[in-house]
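What follows is the residue order along each chain.
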Amino acid sequence: MNVAFINPFITAGVEVIKQIVGGEVEQGQLSIRTAIFTTQQVSIVVGVSGPVQGQVIYGLSQVTATKIASAMMGIQQVEFDEMAISAVSELGNMISGNAVMLLSESGFVCDITPPTMVRGMNVEIATQAPSLLVPLYTKCGKVDITVALSAVPSPVTA
Amino acid sequence: MAKILIADDAMFMRASIKKILTEGGHEVVGEAEDGQDAVEKYAVLAPDLVMLDITMPRMDGLAALAAIVNANASAKVIMCSALGQEQKVKEAIGTGARDYVVKPFTPQKLLDAVNRALAMP
């Protein structure tokens, strides 16, 4: 995978989380993954289509997800209920949307799919490998961003 | 006070936008969960303004915008999406959207866009 494809997701992740959750956000160590198994209790999957395509997965613990939902809603959320799930899914949507906006500035005009939530750890997600994972450390806990994107070859014209 | 229809597949966003609009003095007359739902509710509710997400299942917001504007050329629609690339904004404005708000947004930014659109003829 082209490492340049992950940078927009890191930039967008840091900025969007700062804006809607608050606090500082620090980037952790980038690592390569050869197959994608969910590493956290809650995973938000967003598809990317266009000249760059694949999937982006946002993984977080249920505690972190509940804290982030509380921050987004401005209320103390105790349960990880339907509204909290929607809030955290929207976080994945916002980061992905802002990231593909940055990708478009590099000439890759892409679309995203509505976010899908996967609950549970060690669930395999079929996608292109290898992928890159970067953790973001927020005031609510760690958010793992896994980016599995590849450029679509241009059609050969006669 | 304007009658507003909100279309977004995320329950959280519908609730957030509704709170902002209600506190801004407007009345949310309906909520839609996808583009098709928005087109159908627009026909029934005849709102003064529609807040329309783009990335939605069944029918996306740009297709819904085209259908709403086709049914009523003077419809006031504001796109409200996480997708802010120039191509999407141009397509939406070219199809007839009055404004385009990129998520995440502040309450004031949303209300400013709504009030600007409502002031248009």
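If you're wondering where the values come from, they're calculated on a predicted model, not measured in any experiment.

Definitions and limits used
Residues numbered from 1 in each chain as written. Chains lettered and ligands numbered in written order. Predicted model: local features only at pLDDT ≥ 70, side-chain atom pairs only at ≥ 80, totals over all residues. Heavy atoms only, no water. Pairing = 2+ DSSP bridges. Helix = DSSP H or I, 4+ residues; strand = E, 2+ residues; numbered from the N terminus. Axes fitted to C-alpha atoms, helices over the stretch in contact; angles between N-to-C directions. Contact = heavy atoms within 4.5 Å. Salt bridge = Lys/Arg side-chain N within 4 Å of Asp/Glu carboxyl O. Buried < 20%, exposed > 50% of the residue type's maximum accessible area, 1.4 Å probe, protein only. Buried area = accessible area lost by both parts, 1.4 Å probe. Polar contact = N/O pair within 3.5 Å; in protein donor to acceptor, adjacent residues only side chain to side chain. Nonpolar A, V, L, I, M, F, W, Y, C, P; charged D, E, K, R; others polar. Lys, Arg positive; Asp, Glu negative; His and termini not counted.

**Structural notes on the sheet that holds strand β3 (residues 49-52) of chain B**
All names here are of chain B. Pairing is parallel in the open sheet, where five strands are placed in the order β2-β1-β3-β4-β5. Edge positions in the sheet fall to β2 (27-32) and β5 (99-102), since each has one partner strand and no second. Each strand of the sheet is rotated relative to its neighbour by a mean of 20°, with strand direction disregarded. In the sheet, strand β1 (residues 3-7) pairs with β3 via four bridges, with the strands oriented parallel. Bridging from a neighbouring strand, alanine 7 pairs with leucine 52 of β3. Relative to β3, helix α5 (residues 107-119) is tilted by about 140°, and along the sheet it contacts β1, β3, β4 (77-81) and β5.

**Some remarks on the pattern of salt bridges**
The tally for this structure, following the rule as stated, stands at 13 salt bridges over all chains. When the shortest N-O distance is used, the salt bridge between Lys142(A) and Asp144(A) registers 3.1 Å. Taking the shortest distance from any N to any O, the salt bridge between Asp99(B) and Arg116(B) comes out at 2.8 Å. With a gap of 17 residues between them, Asp99(B) in strand β5 and Arg116(B) in helix α5 connect regions that are remote in the sequence. With a relative accessible area of 16%, Asp99(B) lands in the buried category. Judged by relative accessible area, which is 47%, Arg116(B) ranks as partly exposed. If you follow the salt bridges from partner to partner, you end up with Glu90(A), Asp8(B), Asp53(B) and Lys103(B) in one network.

**Some thoughts on the environment of Thr55(B)**
Along the chain, the position of Thr55(B) falls in the loop between β3 and α3 (61-71). A relative accessible area of 9% places Thr55(B) in the buried class. Sequence-wise, Thr55(B) and Val77(B) are 22 residues apart; in three dimensions their C-alpha atoms are separated by 16 Å. Other than its neighbours up to four places away in sequence, Thr55(B) contacts Ile112(A), Thr113(A), Pro114(A), Asp9(B) and Leu83(B).

**Describing the interface of chain A and chain B**
At the interface, 23 residues of chain A touch 20 residues of chain B. The junction of chain A with chain B conceals about 1,700 Å² of combined surface from both sides, 67% of it contributed by carbon and sulfur atoms. Here chain A is connected to chain B by two salt bridges. For Lys88(B), the salt bridge goes to Asp111(A), with nearest N and O atoms at 2.8 Å. For the interface between chain A and chain B, the tally reads eight residue pairs in polar contact (both at pLDDT 80 or more). Elements with a minimum of two residues in the side of chain A that touches chain B: α1 (7-20), α2 (62-73), α3 (82-105) and β5 (111-112) of chain A. Considering only residue class, the side of chain A that touches chain B consists of 13 nonpolar, seven polar and three charged.

**Observations regarding the side chain of Arg98(B)**
Residue and element names in this part refer to chain B. Looking at the secondary structure, you find arginine 98 in the loop between α4 (86-95) and β5. No salt bridge is formed by the buried arginine 98. Its closest oppositely charged neighbour is aspartate 99, at 10 Å. Within the structure, the side chain of arginine 98 is placed 3.4 Å from the backbone oxygen of proline 121, a separation counted as a polar contact. Discounting residues that sit within four places of it in the chain, arginine 98 has contacts with Ser74, Ala75, Lys76, Val77, Ile93, Ala117, Met120 and Pro121.

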